[in-house]
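Tertiary structure, described
Single-letter residue listing:
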Amino acid sequence: MILTPTTSNTSVRTDEPGRRRRRRRPQLSSWLFLAPGLVFLAVFLAVPFAIAVRLSFTNQRLSSPLPRRSVGWENYRALWHDAAFRRALTNNLIFAAVVVPVQTGLALVLALLVNQKVRFVRFFRAVFFAPVVMGIAVASSVWFLLFDRQNGLVNGALDLVTFGHVHPQWLQSTHTSLIAIMIVSIWASVGFQMVILLAGLQDVAADLLEAAEVDGATPLQRFRHVTVPSIRNTLVFVVTMTTIFAFRLFDQVYIMTQGGPLGSTDTVLLELVKVGYERQQVARACAISVVFFLIVTAITVVQRALVKERT
Amino acid sequence: MDADSSYAFNYAWSGDLQPIENCIPAALKSDLLPSIVARGSSAGHQWGVGLVDSGVAMYASKKALTKAGVRIPTGYKDAWTAAEFDDVLSKLKSAGYVKPLDVWKNIGKGEFYPYAYAPVIWSAGGDLIDRSTYKTADGALNSPAVVKAMTEFQGYFKNGYVDDNTDSNAFTAGRSALSWVGFWQYAAFKKALGDDLLVLPLPNYGKQPAGAQGSWQWTMTKGVDPDVAWKWIAFTMQADNVAAMAKANSGVPALQSVLATNDLYGPTGGLALIGEALAKGYSVARPPHPAYATISGAVAQAFQDVIDGKDPKAAMDEAVSTIDGDLKANDFYPLPG
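Remember, predicted model here, so these are calculated numbers, not experimental data. (Residues numbered from 1 in each chain as written. Chains lettered and ligands numbered in written order. Predicted model: local features only at pLDDT ≥ 70, side-chain atom pairs only at ≥ 80, totals over all residues.)

Brief notes about the interface of chain A and chain B
Counted only if it meets this: Think of it this way: build a C-beta for each residue from its backbone, and any pair within 7 Å is a contact. Note on residue categories: nonpolar means Ala, Val, Leu, Ile, Met, Phe, Trp, Tyr, Cys or Pro, charged means Asp, Glu, Lys or Arg, and polar means any other residue, Gly included.
Between chain A and chain B, the contact holds 18 residues from the first and 21 residues from the second. Looking at the side of chain A that touches chain B, its residues break down into five nonpolar, nine polar and four charged.

In structure tokens, the structure reads:
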């Protein structure tokens, strides 16, 4: 399931009643321009989701000669008692709680660094952005080898630095597997947030910063009271995006751990694929996707209510 | 369509396949290994036919076993017992093999786990589902004997005997002295170890030592012209093509006429042990049942969890509940029609 953040503020025109005739045509053309997007959203998002809601109240299987029948709330009731699903949801929440602040903070630090007027700054921008270009599947496959507890580069380096005292089991231990996934996720996508924040930073009015400097504000005060308020909307956007991506966690765990060991890296989407395809219980998978959609929407709405964008 | 293991029966039950028994000419039929026919049959029809049959074995380095001073089994009759196998691992470790056992953990949770590790369950006298009724896995997959065997199996990981094998080279590079894997690794192992390579049975977990069998097989989807589809299958099933396939992946050729000329599985061949397993009934087929898609996933998950340290009894009970839930959700898979 693809979740699209609702970030675009469609400005509704409030024309005076006297200009009725002139209003028609721009409205028609705007609908025409919207049409391709709306059609795609309807065909690939709205309609499938409506079907998913409907199927979640049946016993639909991936492939079965038995007739489909309605089962009421049975799928949702079973989900409520499903320990694996709860575990997966908890993992998603922990992952989001750690990754969203850390990744946003790190992206901001990187953006500030590459926003300096120093030599080779373009080179550094490219370096920090490179993992994003790589693609998460490739990054996960490479990190899978790096995190190998016996012969991996990460433990090799740790051995060297700590003289063999620190030797984590990484993907093999329930204590470290989710941490390893977090490291990969942040490494692989922090560059994307950095670029967005960088764009925000470059829009910060230079005269405001200069005026603050003239008034005797320290660099920290300038950052806190001029830069951050100026990029507020960008920050809100980045936090929302990162939260949604955090809940969408799938590729990394699918490639690196398959949700293991003992469910310590299981996520809602991984659970959905397992239930829907491995166990062929499409109806139950639909119920998962509906619950998941509601949870993510709720979190996003609450988040946006707490920190509103300002225009 | 090429389908792995028992998945064909799920497709067949779903009504996506057509039976092939009427396409097979009598001459070919009488030449097929009985295990190949059995492998493709369910609910009174033959749905599939494969080019090769298969087997799983404990590959070993003769030098390492000699160095550790352990008894070397000669065949299924005197396979190591589970307790003896523990002793073998401990002695190999003392002999310098830090990670003496490789179980190809890196292949990961997929069809490999139920294929290669299910013999632990069968050897203990259990099964993946109760085959007398096909209505529950309770008592078959979670019996005390199976739990005991799974606890043994878990011990290999708990005691640190197992190489992660991330590079697929644990055995060929000499890190491990034992490698628990299917027939398809034979050629690579033989090349690396030469005369030092031994092919041994898996340990005996109580009832009798067990092996695996069955491989990919051709099936026909509904809607295709059976005569046209059969032409392709018939071509691949020609003796020289079956022989070429068997040579390429070291599999057991599906035709008796080809098997007779195949050195690998003859009494003195490198994989004689797998030949023995198939001929004498030590190897067990995965349940030919439409629920296999779920059984496979549940059993793979159970093995993964046991490897990762979960209580074996809890892991097996969970697999049983997954399988029984699936059977119930499908009204116990009634025959179509």
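Some details on the confidence of the model for chain A
To be explicit about the condition: Summary of the metric used: pLDDT quantifies the predictor's per-residue confidence within the range 0 to 100.
Summarising the model, chain A shows a mean pLDDT of 87, and 91% of its residues fall at 70 or more. Confidence over residues 1-15 of chain A falls short of pLDDT 50; this stretch has 12 contacts with residues more than four positions distant or in other chains.

Here's the deal with the pairing of strand β7 (residues 56-61) of chain B
Residues and elements named next belong to chain B. Rules: With C-beta atoms placed from the backbone, the exposure class of a residue follows from how many other C-beta atoms lie within 10 Å of its own: 20 or more, buried; 12 or fewer, exposed; in between, partly exposed. Secondary structure is summarised from DSSP: a helix means a run of H or I of at least four residues, a strand means a run of E of at least two, and numbering begins at the N terminus for each. Two strands pair under a simple rule: DSSP has to find at least two bridges between them.
With six of its six residues buried, β7 lies for the most part within the structure. Across the two faces of β7 the burial is the same, with Val56, Met58 and Ala60 and Ala57, Tyr59 and Ser61 all buried. When β7 meets strand β10 (residues 178-182), the two strands line up antiparallel, connected through five bridges. Looking across to β10, one finds that Met58 is bridged to Trp180.

Describing the sheet that holds strand β11 (residues 197-200) of chain B
Strand pairs in the sheet, formed through backbone hydrogen bonds, run parallel or antiparallel to each other. Residues and elements named next belong to chain B. Overall, mixed pairing links the five strands, which are arranged β9-β8-β10-β7-β11 in an open sheet. Strands with a single pairing partner mark the edges of an open sheet, and in this sheet they are β9 (162-163) and β11. Of the strand pairs in this sheet, β7 and β11 are connected by four bridges, and their pairing is antiparallel. From the neighbouring strand, Ser61 faces β11, where its bridge partner is Leu197.

Re the environment of A:Arg61
Residue and element names in this part refer to chain A. Tracing the sequence through the fold places Arg61 in the loop between α1 (20-55) and α2 (74-80). Among the residues examined, Arg61 registers 20 C-beta atoms within 10 Å and is labelled buried. Note: C-alpha distance between Arg61 and Gln281 (220 residues apart in sequence) is 5.0 Å. Among all residues touching Arg61, those that are not within four sequence positions of it are Gln280, Gln281 and Val282.

As for the domain arrangement of chain B
Residues and elements named next belong to chain B. Rule in force here: Residue ranges for the domains originate in an automatic or database domain assignment.
For chain B, the domain assignment lists domain 1 (2-54 + 213-284) and domain 2 (56-211 + 289-329). Between domain 1 and domain 2, the C-alpha centre-to-centre distance is 25 Å. Contributions of two or more residues to the side of domain 1 that touches domain 2 are made by α1 (7-13), α12 (272-280) and β15 (283-284). The biggest single contributor to the side of domain 1 that touches domain 2 is α12, with five residues. Considering only residue class, the side of domain 1 that touches domain 2 consists of nine nonpolar, 11 polar and three charged.

Description of helix α6 (residues 112-123) of chain B
For an α-helix the count is 3.6 residues per turn, leaving residues at separations of three or four pointing the same way. Residues and elements named next belong to chain B. Put simply, the test is: The span expected for a helix works out to 1.5 Å for each residue beyond the first.
For α6, built from 12 residues, the straight-helix expectation of 16 Å at 1.5 Å per residue is met to within 8% by its first-to-last C-alpha distance of 17 Å. Of all 12 residues in α6, 11 are buried; the element is thus mostly enclosed. Residues of α6 that are buried include every one of Tyr113, Pro114, Tyr115, Ala116, Tyr117, Ala118, Pro119, Val120, Ile121, Trp122 and Ser123, and no others. Where α6 is buried, its residues meet β7, α7 (144-158), β10, β12 (211-212), β15 and α13 (292-307). Following α6 by one or two positions, Gly125 adopts a phi angle in the positive range, close to 95°.

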